[in-house]
Amino acid sequence: MLFAHVYAVSRYACAMTSRDAASGQYQQTTGERADRHRHGRTGSRFHPFNGGRLAPPGFCFSSQADDGSRMLRFCPVLLVLMLPACGASVVIQRDAQFDVTYDDTVTSDNQTIYSYNHTVSRNKTEGVRVSVELLSESAQSPVLFVVRQKQAVLSFQVPLILRGLYQRKYQYTQVGRTLCQPPTKAEAETQFFYVDVSTLSSAGVHYQLRVSRVDSFTLQTDKKFSFNATPSQPQFFKYMFPDGVDTVIVKVNSQKNFPCSVMSIQDIQCPVYDLDNNVAFIGMYQTMTTTAAITVQRKDFPSNSFYVVVVVKTEDEACGGPLRFYPLLPDQLLDPGNRSKTLDVIVSPAINSEVYVMGMLFCLGIFLSFYLLTFLVACVENKRMNRKREGLLNADTSPAETASLLGKASVSPYEYGSFADNGSTLSSEAVTDSLASTDGNCGCMDRSLESVARSRQESLSSVEEDDYDTLVDIDSDKNIVRTKKFLCVSDLARKDKRILSKKYQIYFWNIATIAVFYALPVIQLVITYQTVVNVTGNQDICYYNFLCAHPLGALSSFNNILSNLGYVLLGLLFLLIVLQRDILHNRALERNESTALECGIPKHFGLYYAMGTALMMEGLLSACYHVCPNYTNFQFDTSFMYMIAGLCMLKLYQKRHPDINASAYSAYACLAAVIFFSVLGVVFGKGNTVFWIVFSVIHILATLLLSTQLYYMGRWRLDSGILRRMLNVIYTDCIRQCSGPMYIDRMVLLVMGNIVNWSLAAYGLIKRPNDFASYLLAIAICNLLLYFAFYIIMKLRSGERIQCLALVCILFTAVVWGFALFFFFQGLSTWQKTPAESREHNRECILLSFFDDHDIWHFLSSIAMFGSFLVLLTMDDDLDTVQRDKIYVF
């Protein structure tokens, strides 16, 4: 009866031991398994019935059955005789030494425990590394290694099986793991740990075991350390923040791109997640090919220290490498090949708070200086106009004429507060018109003040919205006027000024509405992006320049956000300049001045307001994009770029075609279609031939339709008879008689525009660039530059001149654009590639240790856009005293 009960207990213990051995890799943080050190003489026995504790030979202990039966005392000799019957193994413990290689064999009948001890100090952390190699080629079962420490347990099997994509399995017979070293409170403490080796294989499995100390386990500030890693032999090191340093940047570099690897920052706690299948569980991490960098702040680690973990991945797809073949059999083990990688790690102090303050002051100083420059130019221009007015007053002989002149030329000091129209930044229309008319050189048609006042009063009469695009009094000859061979601005400026002013103000109100509805969800989304990055630690979500990404609060790259401030400040300054011009022009209209009514390019400021608003929104949305830049939100950074390009082209066209310019509704509808195609291209355009064919066809058709609209000044119809009319024109003008185009200048522009757009469409169809959004933006910019160059050439060809201020703006803007594009094409990151490949383009900060190349692009491009807007605002100031029927349309 006693024998039967002992046999049952032994079978139960054997079953429990077999279950634990077959459970595979596990990790545990408890101090119970290493709470005391046993004498450990060679030949001492390990009994699974005694809670896993060691007992010397001949020691007997008692066990109580689950049913509360009587206590049994028995000797291990009897149990040892019975253990082989139930498959249990006899474990032999050995005292082991560091840096000694142990060759041994393990079977299911015998297990070995290697006992190590080392001294742990509170002020010094000593790394311990366990290296194992399986020498038997075909083992029936893996060998299980369990490392029991005071506060942690680490287990792994050899051969180690790691999984890749699509359930591919890779087998590694060499495994190396660094033991977690939790901090100790004692000045010095001797700790013991045990390496248990077991297997379920009935045949002997030959292995080698080596435990060594890691001398360079603790990283030093600004000192590079080199090491090797493989998927089965990861590495991690400890870093402690020195006094006075609150932020550091951890950089890991390698000379070769592959194999793909992961760099992780983890808190000082056990276990350390250092395998490909668990490295993303905690902390911050990045995939890398040749470069990885993570900025670490002391406030995120209460222990003032952290682990730098480097893991080599089993496959390279995450880093843009080739995809291995799919295994033919589900359980087929693949040869991983040579996946060893040499890496360097260095930890350097990041910038301090003084650099943050200097960066912010520098950014504010640059753009506020434009406000100061505007004020200085205003003062100089005010002084110049006062001298000119005094000279004219001294030349007058009649007191009555002097009083009349003073009455005309007197203006309030407020009128000299900003840029104005007549060749300077400050001159008011009132002073200019009075001086010019007194001098007798206005050139405007002779009209009595009564007729001017009467026409002004008529223009202020109530109108209906339906009259916006009609010529009520000249409907009969609209086609005749607009199809003349030589058109003047007066031919296309016949509509009521109040109607056109309301029409173009809609541009501003529409874009303000669009901005509000667009910006609110964008801000909400990027806040969510940043929260996800901070919570998950996955820094592959955002494509920063990690070598120059300075965090502030919850933001990961504050410098890229701050550098967009220029768009907002300069956009606001441009709005103030336009507002001043608008006020001066309205005052001139209220005084019924003939220069404002009948001379120069008709002044409509709605598009200017829309341009300034678009520039400010570009800054806001670019800042939102740089909170977490990636391919899914690149649209935020480019949407208002499309709008700026479109509004600039519309403004150029409106200057000499005020009556027939597009309405705000149709213009924004076209821009919405452009943004729609931009989103489709980003999502579906990569390598999609069908999409590129459809887009190229639409691009060419849109170019042809727009060319026809511009050539015929809108006097054509798209209906069922369009083909018949086209054939008739070809027959009469090309076959029956060879006659050239009626509007040669327009034809030259449109032919050049079609060549450029057809070439861009062919390039896109052939090359199919991955960055569709930038490709679409390039189309818009090329068309804008082409139209602007044509406008300047035709202006000079028509005998007009460019005044000094406009010429300075043109030259300054061209130079700034050149430098801006240089920094733009540096390409510090790209979401067209994987995050690891994008980090290969990362570079260090180049300005004040705070700003990188892309930040300088933000600075220069905002200044260049502001200068471009000033060019559009001032380039026709020379025409302010020229009669409109003498200003040609082109």
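As a starting point, this report considers the structure included with it. Predicted, not measured: the structure shown is a model, and the values here were computed from it.

## Observations regarding the sheet that holds strand β19 (residues 261–267)
Thinking step 1. Spatially, β17-β22-β19-β20 is the arrangement adopted by the 4 strands of the open sheet, whose pairing is antiparallel. In this open sheet, the two strands that pair with only one neighbour each are β17 (235–240) and β20 (284–288). The sheet shows a mean angle of 20 degrees between the axes of neighbouring strands, direction not considered.
Thinking step 2. Pairing of β19 with strand β22 (residues 305–312), which is carried by 7 bridges, proceeds in the antiparallel orientation. Looking across to β22, one finds that Asp 267 is bridged to Phe 306.

## Quick word on the nonpolar core
Burial of nonpolar side chains together is a common tendency in soluble globular proteins.
Thinking step 1. Core analysis: the largest hydrophobic core is formed by 112 residues, its most contacted members being Tyr 507, Phe 574, Phe 640, Leu 647 and Phe 695.
Thinking step 2. When sequence neighbours within four positions are dropped, the list of residues in contact with Tyr 507 reads Gly 606, Leu 607, Ala 610, Leu 647, Leu 650, Asn 661, Ala 662, Ser 663, Ala 664, Ala 667 and Tyr 668.

## Remarks on the packing of aromatic side chains
Thinking step 1. Considering all chains together, one arrives at 52 aromatic pairs under this definition.
Thinking step 2. With a centroid separation of 5.8 Å and 75 degrees between ring planes, the pair formed by Phe 217 and Phe 236 is classed as edge-to-face. Here Phe 217, found in the loop between β15 (205–214) and β16 (225–229), pairs with Phe 236, found in strand β17; they are 19 residues apart in sequence, far enough to count as distant.
Thinking step 3. For Phe 217, a relative accessible area of 1% gives the class buried.

## Observations concerning the state of the cysteines
Thinking step 1. The full count for this structure, using the stated rule, is 4 disulfides.
Thinking step 2. Paired by a disulfide, Cys 180 and Cys 270 hold their sulfur atoms 1.9 Å apart. What sets the handedness of the Cys 180 and Cys 270 disulfide is the S-S torsion sign, and at about -85 degrees it is left-handed. Here the residue Cys 180 occupies a position in the loop between β13 (174–178) and β14 (188–199), and Cys 270 occupies one in the loop between β19 and β20, the gap between them amounting to 90 residues. Here Cys 180 matches Cys 270 in class, with each residue buried.
Thinking step 3. Between the sulfur of Cys 548 and that of Cys 845 lies a disulfide, 1.8 Å long from S to S. Across the S-S bond of Cys 548 and Cys 845 the torsion is about 110 degrees, and the bridge reads as right-handed. In this pair, Cys 548 sits in the loop between α8 (497–536) and α9 (558–562) while Cys 845 sits in the loop between α20 (835–838) and α21 (853–874), placing the two residues 297 residues apart along the sequence.
Thinking step 4. Not part of a disulfide, Cys 809 finds its nearest cysteine sulfur in Cys 804, a span of 9.4 Å.
Thinking step 5. Its relative accessible area of 10% is what places Cys 809 among the buried residues.

## Quick look at the pattern of salt bridges
Oppositely charged side chains can pair when the atoms bearing their charge come close.
Thinking step 1. As enumerated under the stated definition, the model contains 22 salt bridges in all.
Thinking step 2. The salt bridge involving Arg 298 is made with Asp 246; its shortest N-O contact spans 3.3 Å. Taken together, the positions of Arg 298 in the loop between β21 (291–297) and β22 and Asp 246 in the loop between β17 and β18 (247–254) put the pair 52 residues apart, joining distant regions of the chain.
Thinking step 3. Linked through salt bridges whose partners overlap, the residues forming this network are Lys 655, Arg 656, Lys 795, Glu 800, Asp 876 and Asp 878.

About the criteria used
- Throughout this description, residue numbers start from 1 for each chain and increase along the sequence as written.
- Per-residue local features of the predicted model are confined to residues with pLDDT of at least 70, and side-chain atom pairs are confined, for both listing and counting, to 80 or more; whole-chain, interface and lining totals are unaffected and use all residues.
- Side-chain metrics rest on all non-hydrogen atoms present in the structure, leaving aside hydrogens and water.
- A pair of strands is treated as paired once DSSP finds two or more bridges between them.
- Strands are runs of DSSP state E lasting at least two residues, helices are runs of H or I lasting at least four, and both sets are numbered from the N terminus onward.
- Note on geometry: axes are lines fitted to C-alpha atoms, helical ones only across the stretch in contact, with angles between N-to-C directions running from 0 to 180 degrees.
- Within this scheme, the nonpolar core is defined by two criteria: the residues are buried Ala, Val, Leu, Ile, Met, Phe, Trp, Tyr or Cys, and they are joined through side-chain atoms within 4.5 Å.
- Accessibility here uses a 1.4 Å probe with only protein chains present; expressed as a share of the type maximum, an area under 20% marks a residue as buried, one over 50% as exposed, and anything in between as partly exposed.
- Throughout, a residue-residue contact means that at least one pair of heavy atoms, one from each residue, lies within 4.5 Å.
- Here the aromatic set is Phe, Tyr and Trp, taking the six-membered ring for Trp, and pairing holds for ring centres within 6.5 Å; pairs whose planes are under 30 degrees apart are stacked, those over 60 apart are edge-to-face, and all others are tilted.
- By definition, disulfides here are pairs of cysteine sulfur atoms that lie within 2.5 Å.
- For this document, the term salt bridge refers to a Lys or Arg side-chain nitrogen within 4 Å of an Asp or Glu carboxyl oxygen.

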